[in-house]
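For reference, the chains in residue letters:
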Amino acid sequence: MKPSKDIIDKISYDFAWATGLGSVVVDVNGKEISPWYNFTPFCQHIRKMAEFYPLCQQCDRCGGLESFKTKQVSCYRCHAGLVDFSIPIVINNSMVGFLACGQARVENSMLLPSILPTKNNIERISRLNDLWHEVPVMEQIKVDAAAHLLNTIVENYLSKEYNIQVVRGINASSPSEELISDAQRARMDKIIKYIHDNFAEDLTLEKVANVANFSSCYFSRFFKRVSGEGFSAYLNRVRLNESRYLLENTHWSIEKISRSVGYNDSAYFVRVFKKHYGVSPHRLQQQNVGIPVINL
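The present account deals with the structure reproduced in this document.

Definitions and cut-offs
- Residues numbered from 1 in each chain as written.
- Predicted model: local features only at pLDDT ≥ 70, side-chain atom pairs only at ≥ 80, totals over all residues.
- Heavy atoms only, no water.
- Helix = DSSP H or I, 4+ residues; strand = E, 2+ residues; numbered from the N terminus.
- Buried < 20%, exposed > 50% of the residue type's maximum accessible area, 1.4 Å probe, protein only.
- Core = buried A, V, L, I, M, F, W, Y, C linked by side-chain atoms within 4.5 Å.
- Contact = heavy atoms within 4.5 Å.
- Phe/Tyr/Trp six-rings, centres within 6.5 Å; stacked < 30°, edge-to-face > 60°.
- Axes fitted to C-alpha atoms, helices over the stretch in contact; angles between N-to-C directions.
- Parallel < 35°, antiparallel > 145°, perpendicular 65-115°, else oblique.
- Nonpolar A, V, L, I, M, F, W, Y, C, P; charged D, E, K, R; others polar.

What follows covers unusual backbone geometry. Phi angles above zero are rare outside glycine, and Gln 103 is one such case at about 70 degrees. Counting through the fold element by element, Gln 103 comes out in strand β4 (residues 94-104). Of note, Asn 213 is a non-glycine position whose phi angle comes to about 65 degrees, a positive value. Structurally, the position occupied by Asn 213 is in the loop between α7 (205-211) and α8 (216-227).

What follows deals with the environment of Asn 241. Here Asn 241 shows up in helix α9 (residues 231-249). When its relative accessible area of 3% is taken as the criterion, Asn 241 is described as buried. Once the C-alpha coordinates of Asn 241 and Tyr 277 are considered, the two residues, 36 residues apart in sequence, prove to be 9.8 Å apart.

Counting residues in hydrophobic clusters, the biggest one holds 32 residues, and the most contacted among them are Ile 191, Ile 195, Phe 219, Phe 223 and Phe 231. Sort the elements by how many residues they give to this core and α9 lands first, with 8 residues. For Phe 231, the residues in contact, after removing those within four places along its chain, are Ile 195, Thr 204, Leu 205, Val 208, Phe 219 and Phe 223. Ala 80, Ile 115, Leu 128 and Trp 132 belong to the second-largest nonpolar core, a separate cluster that totals 24 residues.

As a further point, take the packing of aromatic side chains. With the rule as written, the count across this model stands at 16 aromatic pairs. Where Phe 223 meets Tyr 234, the ring centres are 5.6 Å apart and the plane angle is 70 degrees; that geometry is what we call edge-to-face. One end of the pair, Phe 223, is in helix α8; the other, Tyr 234, is in helix α9, with 11 residues separating them in the sequence. Note on Tyr 263 and Phe 269: the rings are 5.5 Å apart at their centroids and 40 degrees apart in plane angle, and the pair reads as tilted. Each member of the pair, Tyr 263 as well as Phe 269, is classed as buried.

Another aspect to go through is the packing of α9 against helix α11 (residues 266-277). Direction vectors running N to C along α9 and α11 enclose 90 degrees, while the axes themselves pass 11 Å from each other. Relative to α11, the element α9 lies roughly perpendicular. Facing α9, whose interface residues are Asn 236, Leu 240, Asn 241, Ser 243, Arg 244 and Leu 247, α11 presents Phe 269, Val 272, Phe 273, His 276 and Tyr 277. A breakdown of the residues in the contact of α9 with α11 according to their chemical character gives 6 nonpolar, 4 polar and 1 charged.

Interpretation note: all reported values are geometric properties and have no functional meaning in isolation.
The following block contains the structure:
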């Protein structure tokens, strides 16, 4: 039995108005096949412009494909710098589209990956710039929770009713794992903030564990259980995200960028960056030479 498009639209509609986020159903090419639910004035305006609309479609599509590839729904920055997530919908092993949601302004969002390396000229259009600054600000933890919630809704309703396959959520824990309390999440938030504030330093698991007043062994287990990712992998991702931003927005040397994000060995940084992004920092830097910085 195939799912009614109305059912998926209804989920998208209810989710948008319940969370305050924008939501739309798109096909495999990123083309909308549902109305825009709770879209911000900024996103409504920019999607009506021939210059930017294809970039919006690419973001929805690429975000969903990335989630499908990694088997994990992850938040990312769209081409306009807003935070989005996209959930792939697979029926009978065939990709049929995505639930694209988000449109939130998040502090420190530059630490999230950009889904597209594209630069644009939003800042030069005063009306767009004004509308961008009117987009509601939301904490990252709330956007993550919304993504997890929507994926759970899709998984537990559509998958059972219509044999739809979805990814397993944001670092989802198995049912047998201990539930994470609000106090533990609050403590993790402080640890994450410390890492984001000090990632350029010589951070080690032992040093951060000491700051958190944990033993190294307990901290390692705690961090992975609450965040779903090992400490070293998380720190590495934060550093690489920042290095990509610097490569795209400055004319610093590779060596300077490497040091500024916490890598003392630039050759090692180049290897890690290329493995993570599939492109060398030199190549990415060349692609962005002469492109003005956009400070939204």
